[in-house]
There are 2 protein chains.
Amino acid sequence: MDKLFKALNDPTRRAILEQLRAKDMTAGEIAEGFTVGKPTISHHLDLLKQAGLILPEKNRQFIIYSLNTSVLEECFAWLLKITKKQKRGA
Amino acid sequence: MDKLFKALNDPTRRAILEQLRAKDMTAGEIAEGFTVGKPTISHHLDLLKQAGLILPEKNRQFIIYSLNTSVLEECFAWLLKITKKQKRGA
DNA sequence: TCGATATTTTGATAATAATCGAAATATAAA
DNA sequence: TTTATATTTCGATTATTATCAAAATATCGA
């Protein structure tokens, strides 16, 4: 939960997720789209990985990242809880 | 968007929102529930206010905060976008 | 094996954020 | 008008995060 919100709290990381929505990409391909350096992107990928939002798969010398939105269920659930009016006594 | 995700990226602030779900509260009442000091809570309230997640209303010497979940629409929309498979050519 | 490519890790720095005590502001009550 | 209460603002400190350059790791191709 904490890691999920932390991962989402950065425009670069959210942009990475948006890119991965279109297609799986290697770390290098992801880095190309940004002005920040590769070590920085690697760090962002690590945080996204820790949150479970992306899944790495090694292929030859590349690491291909894919989007995993299933972990967002938890996020949706919390937001829904907050959004819904609380029942008396609950 | 940025301010929204930032506001949600803190357990104390999320707890404040959960409390306000049950009932409107003054800054002092909110602060009672936490170990951190009042200036710190005031700062958290400010960030939540900036994100539009809470609305202050002055009543005598108190400020009563209420939850405003309408701004979460934007958040839901983004999460849904990410979750849904991308259309070809989109 | 050697050199090139892909990615991460390390170590350092700079920017951002959380926290506190003290002071400031505003309102109320005596 | 003085005192008390509610809340915020200020200034400083600490903790966390983003970023970079350089070094390390892993795999490939010649």
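Structure shown above.
Here's what I pulled together on the structure shown here. (Residues numbered from 1 in each chain as written. Chains lettered and ligands numbered in written order. Predicted model: local features only at pLDDT ≥ 70, side-chain atom pairs only at ≥ 80, totals over all residues. Heavy atoms only, no water.)

Remarks on the pairing of strand S2 (residues 54-59) of chain A
Residue and element names in this part refer to chain A.
No. 1: Where S2 and strand S3 (residues 62-67) come together, six bridges link them in antiparallel fashion. Opposite Asn59, over in S3, you have Phe62 as the bridge partner.
No. 2: Hairpin connection between S2 and S3: a loop of two residues separates the two successive antiparallel strands, and Arg60 in this loop has a positive phi of roughly 55°. (Pairing = 2+ DSSP bridges. Helix = DSSP H or I, 4+ residues; strand = E, 2+ residues; numbered from the N terminus.)

A look at the sheet that holds strand S1 (residues 25-26) of chain A
All names here are of chain A.
No. 1: Strand order in the open sheet made by the three strands is S1-S3-S2, with antiparallel pairing throughout. Bordering the open sheet on either side are S1 and S2, each of which pairs with just one other strand.
No. 2: Contacting S1, S2 and S3, helix H2 (residues 11-22) runs over the sheet at an angle of about 90° to S3.
No. 3: Sheet strands in contact with helix H4 (residues 38-50) are S2 and S3, and its direction is about 115° off that of S2. (Contact = heavy atoms within 4.5 Å. Axes fitted to C-alpha atoms, helices over the stretch in contact; angles between N-to-C directions.)

A closer look at the interface of chain B and chain A
A common way to express how large an interface is: the accessible area buried when the components associate.
No. 1: Taken residue by residue, the interface counts 26 residues in chain B and 26 residues in chain A.
No. 2: The largest share of the area that chain B buries against chain A comes from Arg21, Phe76 and Ile82 of chain B, three residues that together contribute 25% of it.
No. 3: Run the count over chain B and chain A and you get four salt bridges.
No. 4: A salt bridge links Arg14 of chain B to Asp2 of chain A, with the shortest nitrogen-to-oxygen separation between them at 2.8 Å.
No. 5: At the junction of chain B and chain A, the tally comes to 10 residue pairs in polar contact (both at pLDDT 80 or more).
No. 6: If you list the elements that add at least two residues to the side of chain B that touches chain A, you get helix H1 (2-8), helix H2 (11-22) and helix H5 (72-83) of chain B.
No. 7: For the side of chain B that touches chain A, the element with the most residues is H5 of chain B, which contributes nine residues.
No. 8: Residues that form the side of chain B that touches chain A fall into these classes: 14 nonpolar, four polar and eight charged. (Buried area = accessible area lost by both parts, 1.4 Å probe. Salt bridge = Lys/Arg side-chain N within 4 Å of Asp/Glu carboxyl O. Polar contact = N/O pair within 3.5 Å; in protein donor to acceptor, adjacent residues only side chain to side chain. Nonpolar A, V, L, I, M, F, W, Y, C, P; charged D, E, K, R; others polar.)

Considering the state of the cysteines
No. 1: Taken as a whole and judged by the stated rule, the model has zero disulfides over all chains.
No. 2: With no disulfide of its own, Cys75 of chain A lies closest to Cys75 of chain B among cysteine sulfurs, the gap being 6.1 Å. (Disulfide = S-S within 2.5 Å.)

Side note on the relation of the copies chain B and chain A
No. 1: It takes a turn of 180° to lay chain B on chain A, together with a shift of 0.0 Å along the axis; the resulting RMSD is 0.0 Å. The transformation just described matches what one would write down for a two-fold rotation axis.
No. 2: Interface residue correspondence from chain B to chain A reaches 100%, placing this contact among same-surface, isologous pairings. (Least-squares fit on C-alpha atoms with pLDDT ≥ 70 in both.)

Focus: the sheet that holds strand S1 (residues 25-26) of chain B
Residues and elements named next belong to chain B.
No. 1: Spatial strand order, S1-S3-S2: three strands in an open sheet with antiparallel pairing. Both edges of this open sheet fall to S1 and strand S2 (54-59), since each of them pairs with a single strand only.
No. 2: As judged from the two bridges shared by S1 and strand S3 (residues 62-67), these two strands associate in the antiparallel manner. Looking at S3, one finds that Met25 is bridged to Tyr65.
No. 3: Its contacts with the sheet place H2 against S1, S2 and S3, and it is angled at close to 90° to S3.

None of this, on its own, says anything about what the molecule does.
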